Amino acid sequence: MPEWKPEIRPQLASLKIEPMREAAIVEELSQYLDDCYEELLSGGLAPAEAERRTLEELSESEILTRELRRAKQQAAPEPIVLGSNWRTNMIADLWQDLRYGARMLMKNPGFTLVVVLTLALGIGANTAIFSFINALLFKPLRGVSEPERLVQVSRKEGRGFSSCSYPDYLDYRDHNTVMSGLAVKAGGTFNLSTGREPERVEGELVSGNFFDVLGVKPEQGRLLTPADASEFRMVAVISHRLWQGRFSADPGVIGRTIRLNAYDYIVVGVADQEFEGIQAGSKMDVWVPLTTIRRTDPSGAGVFGMRGAWWLEMFGRLKPGVTIERGGAEFSHIARRLEQTCPDTSAKFGARLVPGLGMDPVVRAGVRRLTIIPFIAVGIVLLIACANVAGLLLARANARRREIGTRLALGASRARIIRQLLTENLMLALLGGGLGILAGVWMTRWLVGVLPESTPNLSFKFDFNLDWRVFIFTLSTSVLTGALFSLAPAMQTSKPDLVSALKEANSTGQRPSRTGLRGLLVVTQVALSFVLLIAAGLCVRTLRNAHAIDLGYDIERMLTARIDLPEQNYNESRGQIFQRQLIERMRTLPGVQALGLAARLPLNDGVSQSGIFPERDGKRVHTFNNVVSHHYLDAMKIRLLIGRQFTEGDDSRAPRVAIINETLARRAWPNESPLGKRFSTWDPQEGGGSKSLVEVIGVARNIKGRDLFEPAEPMIYYPLLQNYQAGIVLHLRSTIDPERLAAAVRREAGALDPDLPVYRVMLLTDHLTVALTPQRLLAQLISGYGLLALALAGTGLYGLLAYSVAQRTQEIGLRIALGAERVSVLKLVVLHGLKLTLLGMFIGLPASYGLAKLMKSYLYGVSLTDPLTFAVISATLLAVTLAACYAPARRATKVDPMIALRCE
Amino acid sequence: MQTINYQKLDRELKKGSAELLILSLLEARSRHGYEVRKLIDTRSNGVLKFNAASLYALLYRLENRGWIEGRWVEKAGQRRRRYYKLTREGKQVLAAQRSIWESFVAAINRVTRPENA
């Protein structure tokens, strides 16, 4: 076939058309001439004659050039052509990049979908963890005005919030000039009994200016005022939630009387819907003036005058323009003055201002510590997703070499091309981010679902909804992600290797450097998922170990419920009668095998600690205490090693007795029997204790309580009949469905006192679950994300192998043609995959040890280099590798040498 | 119908009819340049002939006016070719030109019909 282009070009030369346009016209015309020539040949003409007749087609070329010239004159200003770098208009370039990018993405919907989904999983995981952290640590208090000006006043010593006395509060309130208001509160729980079934509600005893200082608005009625406090009015403000729920949003609730802890209060208002108290994670329902204590507990009212009684939390609002440092300096100054005037009680108190009302800095630090590891985990997932996408982009970049080569040849600068590719990838990242937010919402919901309502340190009633912080976070994550996964492929793709790119008619030529870079990405993915899987393995092992811990008691089929007797209705003797009647009624319930009362749960509960002074040497031994009824140890199946159980005879008239655990026995009376030994609960050297000595009557087995993972601490059980407790936990071991039993417990307690709420009705096994919240959360999160990482890495490996088999079709065909066995071809592919995985595992090994070390405080009963975990995870990864190799390897063995070689 | 002088009529007829030919051929489906030329050749039994230069001059003009649109299309096993298709505006122009042509032909027919004695 004659070459027509040299004939056509001179005809157009005078026009100086833009090069791409000229190239297109030349190509189009030369194709036309090809067709023409072929037809003439097939019509029987000699080649020379056919060529002459074909060239006649160009005979009237002046018509064409005239037409083209006219078109050129009419044409709008210079069109923007991809690959040109003449325009410096950024906006136009950007718009063009965006349009071009969108076209490229729509051209390959499968590719776009895979990339966007991969990114959505990675970004969604990060969004979920961030939403969680955002809710716990970043969201400001709701329903208060200008929360950034609110500060907590704390003692100098210690890191956490601390409390103050009422006289101190008055001094700070009246002598400072930096606060526009200073308020105090004390936590309280109330038995709310009005009409319907009694309910246990969280509330606060507050100073009269509490709502004023916070800047809360009333939704109905009014809020508390200083006059309410100074006149000791029995008034209450209720939350929007309580108003909606219990009072069905009845506006007539204002002025109505409600019973709280058996006292009558008049509801004066409903707080703003947004406001749920100032303790992060808790939802308060009732606020009453602090001074109502003078009416409800006249004997305890002396506390208002005691400078040594630290029972109030103090917070204030800085005046506009006052910095926290200046405020802190003035409070320190007042503290020093107080030290001088009242050295006994206020010495070393100091005072400092802590920004951010709501969460104790110690709890905050704990939360932050706990969230580091999940954040690392989701970071790893995102990195793997990036590596995966980068791998896909590299593969596609190869297919686009010609396109980019052409654009470079036409004069586009490398920067311009990189910018175009980055724009395209940024669009992918933003699409991934958009979908990632949805994935994040879903994952957050799952995360919140596995959270308990509260742990001893922290209540989890947070607002986990999305806000602008989450959006900003996801947006910036998406942008960063886009930059991360696209930089390397963009640099690689735009390398000015024009000649080979343009020459390359098809893309079957092997590019070792490309698969090399992709291999590196796969190795990275394997290494990262190995790290995550090891961490997950260690967490799962920890959880299994934790569940296998011998607690020293039987938690199965044990229902627990809390009943608090209000003091104004129950003095000690009435309370004891109630508790005895309760035991009798419960014992007759069908299905109840054993029961006991205790002041505290062994797990997931606050602690009571004090010291004892053995009679012999009077040296203090630190102990934890519980007060229990006489069948408690039996009901819990806590084994008594020596001595006897409590009996009904161990009451207030009998000599004081106690049962101790093994650890205390060893610590207080080493090498001798503690039975019959006596101790006092006050320091004998200070004297003055009016109570008699306590005699040890038994030694019980150690139990795991406060901290599952620590060795048992010294522990004492006191008999309930000698140590009355108004608040008790009922422990019921039963053979029937706990739900049915719970209803029966409520019914029986209600029969004794209809105003008494029975609350926190839970199985002891659930308490164990709550106690293991950090371990469980970590295990579930990291396993979930570990599996996600594994799936991503597996896909990455599969993608690389499939690609490399396709690239090497000719080579494999040649090998088979030269007599290579199918098995050896299979081996070729599988070994390639295995090599990458083994390399990844090798690199991941030290990193996984590093992560495990970081998690050390959450691990139990498993070493950081636990051989079982490492073996199982390695085997899993290898299995996934083989699965990923399977299809590409099979395809390789099916290569038909004839077809493969014909491509050459 | 507007009146036109003979010279102008001759020019417009030549140009307009050529445009009409191409627009009509692209009405049913998109075609490449050589295909258009072959169709004109065969359907007119060789009476109407274009060569490459005049055909492409016309195609580029129509494209420049936005009546037709050229696109490179790759088909498996073939070289990529530039196919032309009618745009929405082209369809309107075709309809208008067709009716002008038909009334023109009818007018000519009326004039040139042999008179019955």
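Conventions we followed
Residues numbered from 1 in each chain as written. Chains lettered and ligands numbered in written order. Predicted model: local features only at pLDDT ≥ 70, side-chain atom pairs only at ≥ 80, totals over all residues. Helix = DSSP H or I, 4+ residues; strand = E, 2+ residues; numbered from the N terminus. Buried ≥ 20, exposed ≤ 12 C-beta atoms within 10 Å, placed from the backbone. Contact = placed C-beta atoms within 7 Å. Pairing = 2+ DSSP bridges. Nonpolar A, V, L, I, M, F, W, Y, C, P; charged D, E, K, R; others polar. Core = buried A, V, L, I, M, F, W, Y, C linked by C-beta atoms within 7 Å. Domains from an automatic or database assignment. Arc of directions from axis to C-beta. Axes fitted to C-alpha atoms, helices over the stretch in contact; angles between N-to-C directions. Parallel < 35°, antiparallel > 145°, perpendicular 65-115°, else oblique. Left-handed = near helix turned anticlockwise from the far one by under 90°. pLDDT = per-residue confidence, 0-100.

Structural notes on the overall build of chain B
Part 1 of the argument: Counting its regular elements, chain B contains 4 helices and 3 strands.
Part 2 of the argument: Put simply, chain B runs from its N terminus to its C terminus through helices and strands in the order α-β-α-α-β-β-α.
Part 3 of the argument: A buried classification covers 22% of the 117 residues belonging to chain B.

Focus on the overall build of chain A
Part 1 of the argument: When you go through chain A residue by residue, the secondary structure sums to 29 helices and 21 strands.
Part 2 of the argument: Buried residues in chain A amount to 41% of all 904 residues.
Part 3 of the argument: When contacts within chain A are restricted to residue pairs at least 6 apart in sequence, those whose partners lie at least 24 apart make up 82%.

As for the sheet that holds strand β1 (residues 31-32) of chain B
Residue and element names in this part refer to chain B.
Part 1 of the argument: Strand order in this open sheet of 3 strands is β1-β3-β2, and the pairing throughout is antiparallel. Strands at the two margins of the open sheet, each flanked by one partner only, are β1 and β2 (68-73).
Part 2 of the argument: Where β1 lies against strand β3 (residues 81-86), 2 bridges are found, and the strand directions are antiparallel. Within the sheet, the bridge partner assigned to Arg-31 lies in β3 and is Tyr-84.

Let's talk about the environment of Ala-871 of chain A
Part 1 of the argument: Relative to the helices and strands, Ala-871 of chain A is located in helix α28 (residues 867-893).
Part 2 of the argument: Separated by 337 residues in the primary sequence, Ala-871 of chain A and Ile-534 of chain A have C-alpha atoms spaced 9.7 Å apart.

Quick word on the environment of Val-872 of chain A
Part 1 of the argument: Tracing the backbone through its elements, the reader meets Val-872 of chain A in helix α28.
Part 2 of the argument: Taking C-alpha positions, Val-872 of chain A is 8.5 Å from Gly-537 of chain A, a pair spaced 335 residues apart along the chain.

Points about the interface of chain A and chain B
Part 1 of the argument: Each side of the interface is counted separately: chain A has 19 residues, and chain B has 14 residues.
Part 2 of the argument: Taken together, the elements giving at least two residues each to the side of chain A that touches chain B come down to α2 (19-42) and α4 (61-74) of chain A.
Part 3 of the argument: Along the lines of polarity and charge, the residues of the side of chain A that touches chain B split into 9 nonpolar, 4 polar and 6 charged.

Let's talk about the nonpolar core
All names here are of chain A.
Part 1 of the argument: Val-381, Leu-532 and Ala-789 are the most contacted members of the largest nonpolar core, which has 92 residues in total.
Part 2 of the argument: If you tally residues by element for this core, the top one is helix α14 (residues 361-399), at 17 residues.
Part 3 of the argument: Inspection of this core shows a minimum of three residues originating in each of domain 2 (90-141 + 362-507) and domain 4 (514-551 + 776-904).
Part 4 of the argument: Setting aside residues no more than four positions away along its own chain, Val-381 makes contact with Gly-122, Ala-125, Tyr-785, Leu-788 and Ala-789.
Part 5 of the argument: The next biggest cluster of nonpolar side chains, apart from the first, holds 59 residues, and it includes Ile-563, Ala-599, Ile-716 and Val-745.

Overview of the environment of Phe-50 of chain B
Residues and elements named next belong to chain B.
Part 1 of the argument: The residue Phe-50 is located in the loop between α2 (33-43) and α3 (52-65) in this model.
Part 2 of the argument: Under the C-beta neighbour-count criterion, Phe-50 is labelled buried, with 21 such atoms within 10 Å.
Part 3 of the argument: Distance from Phe-50 to Lys-38, taken between C-alpha atoms, is 9.1 Å for residues 12 residues apart in sequence.
Part 4 of the argument: With sequence-adjacent residues up to four places away left out, Phe-50 is seen in contact with Arg-37, Ile-40 and Leu-55.

Let's talk about helix α26 (residues 809-817) of chain A
Residue and element names in this part refer to chain A.
Part 1 of the argument: Three or more residues of α26 are buried, namely Ile-812, Gly-813 and Ile-816. Projected onto a plane normal to the axis of α26, the buried residues spread over an arc of 100° and lie on a single side.
Part 2 of the argument: Just downstream of α26 lies Gly-819, where phi reads positive at about 105°.

What about the pairing of strand β13 (residues 609-614) of chain A?
Residues and elements named next belong to chain A.
Part 1 of the argument: The pairing of β13 with strand β14 (residues 621-628) spans 4 bridges and is antiparallel. Each residue of the ladder has a partner; that of Gly-611, found in β14, is His-622.
Part 2 of the argument: Hairpin connection of β13 to β14: 6 residues between the antiparallel strands, including Gly-618 at a positive phi of 70°.
Part 3 of the argument: Bridge analysis of β13 against strand β17 (residues 678-680) gives 2 bridges, and the strand direction is antiparallel. Considered in β17, the bridge of Phe-613 is made with Ser-680.

Side note on unusual backbone geometry
Residues and elements named next belong to chain A.
Part 1 of the argument: Located in the positive-phi region is Ala-249, a residue other than glycine, with phi close to 55°.
Part 2 of the argument: Locating Ala-249 in the fold gives a position in the loop between α10 (240-245) and β6 (257-260).
Part 3 of the argument: Its 12 C-beta neighbours within 10 Å are what place Ala-249 among the exposed residues.
Part 4 of the argument: Even without glycine at this site, Arg-557 takes up a positive phi of about 55°.

Overview of the packing of helix α25 (residues 773-807) of chain A against α28 of chain A
Packed helix pairs are characterised by how far apart their axes lie and by the angle those axes make with each other.
Residues and elements named next belong to chain A.
Part 1 of the argument: One can describe the packing of α25 onto α28 by two numbers: an axis separation of 9 Å at closest approach and a directional angle of 20°. Accordingly, the angle class assigned to the pair α25 and α28 is roughly parallel. Helix-helix and strand crossings are classified by hand; for α25 and α28 the assignment is right-handed. Mapping the contact onto sequence places Leu-790, Gly-794, Leu-797, Tyr-798, Leu-801, Ala-802 and Val-805 in α25 and Val-880, Thr-881, Ala-883, Ala-884, Cys-885, Ala-887, Pro-888, Arg-891 and Ala-892 in α28.
Part 2 of the argument: Residues of the contact of α25 with α28, tallied by class, amount to 13 nonpolar, 2 polar and 1 charged.

As for the confidence of the model for chain A
Residues and elements named next belong to chain A.
Part 1 of the argument: Mean pLDDT over chain A works out to 84, with 92% of the residues at or above the 70 mark.
Part 2 of the argument: A low-confidence stretch, residues 75-87 (pLDDT under 50), is modelled with 21 contacts involving residues beyond four sequence positions or located in other chains.
Part 3 of the argument: Taken together, the stretch residues 505-513 has pLDDT below 50 and engages in 10 contacts with residues farther than four places along the chain or on a different chain.

Structural notes on the confidence of the model for chain B
All names here are of chain B.
Part 1 of the argument: Scored by pLDDT, chain B has a mean of 82; 85% of the residues are at 70 or more.
Part 2 of the argument: Predicted confidence in chain B is weakest over helix α1 (residues 6-28), with a mean pLDDT of 76, and strongest over β1, with 92.
Part 3 of the argument: Here the prediction assigns the complex a pTM of 0.68, and the interface score ipTM is 0.86.

As for the packing of helix α6 (residues 109-138) of chain A against α14 of chain A
Residue and element names in this part refer to chain A.
Part 1 of the argument: Following both chains from N to C, one finds α6 and α14 inclined at 170°, their axes separated by 9 Å at the closest point. Judged on the interaxial angle alone, α14 and α6 are roughly antiparallel.
Part 2 of the argument: Tallied by class, the residues present in the contact of α6 with α14 amount to 20 nonpolar, 5 polar and 3 charged.

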